[in-house]
Amino acid sequence: VIVVCEWSYLLWGERVLSKTKRDDFENYEWVDLHSGKFFAGVVEYLRGLLDKEGELIDDVKDKEKCRKSFLRAVQCEEDFFDFAYSGF
């Protein structure tokens with residue numbers, strides 16, 4: 001679920017934007033890309049798409065499958081960062 005990645009990147013990018021130095025090219029470019037009104041709009045759009053799909057699901061079991069898939073995507077994203085910061 002791409003919305004999980006982009007949403008977490010937006011939250012992180014907004015959190016560190018004021019601390020990121022422009023002369024630190026790699027970090028600044030990443031943070032600049034994943035913050036601000038435009039990117040927030042992209043995330044809002046993706047969240048809206050996910051919400052619309054969720055509204056189309058009538059079956060309780062299917063809603064639960066969707067919820068579990070979303071939570072699994074969140075866990076995968078969290079695991080990715082845990083792995084990256086643990087040094088393997």
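Report follows, based on the coordinates. (Residues numbered from 1 in each chain as written. Predicted model: local features only at pLDDT ≥ 70, side-chain atom pairs only at ≥ 80, totals over all residues. Heavy atoms only, no water.)

### Quick word on the packing of aromatic side chains
Centre distance and the angle of the planes are the two values used to describe a pair of aromatic rings.
Inference 1: Going through the model one piece at a time under the given rule, you end up with 5 aromatic pairs.
Inference 2: Relative to tryptophan 30, the ring of tyrosine 9 has its centre 5.3 Å away and its plane inclined at 70°; by these criteria the two rings are edge-to-face. You can see tyrosine 9 sitting in helix α1 (residues 2-16) and its partner tryptophan 30 sitting in helix α2 (residues 25-33), a full 21 residues away along the chain.
Inference 3: Taking the relative accessible area as the measure of exposure, tyrosine 9 reaches 17% and is therefore buried.
Inference 4: Among the residues examined, tryptophan 30 registers a relative accessible area of 29% and is labelled partly exposed. (Phe/Tyr/Trp six-rings, centres within 6.5 Å; stacked < 30°, edge-to-face > 60°. Helix = DSSP H or I, 4+ residues; strand = E, 2+ residues; numbered from the N terminus. Buried < 20%, exposed > 50% of the residue type's maximum accessible area, 1.4 Å probe, protein only.)

### Regarding the side chain of histidine 34
Inference 1: Take histidine 34: it is sitting in the loop between α2 and α3 (36-56).
Inference 2: A residue is classified by how much of its surface remains accessible, and histidine 34, at 7% relative accessible area, is buried.
Inference 3: From its side chain, histidine 34 meets the backbone oxygen of tryptophan 30 in a polar contact 2.9 Å long. (Polar contact = N/O pair within 3.5 Å; in protein donor to acceptor, adjacent residues only side chain to side chain.)

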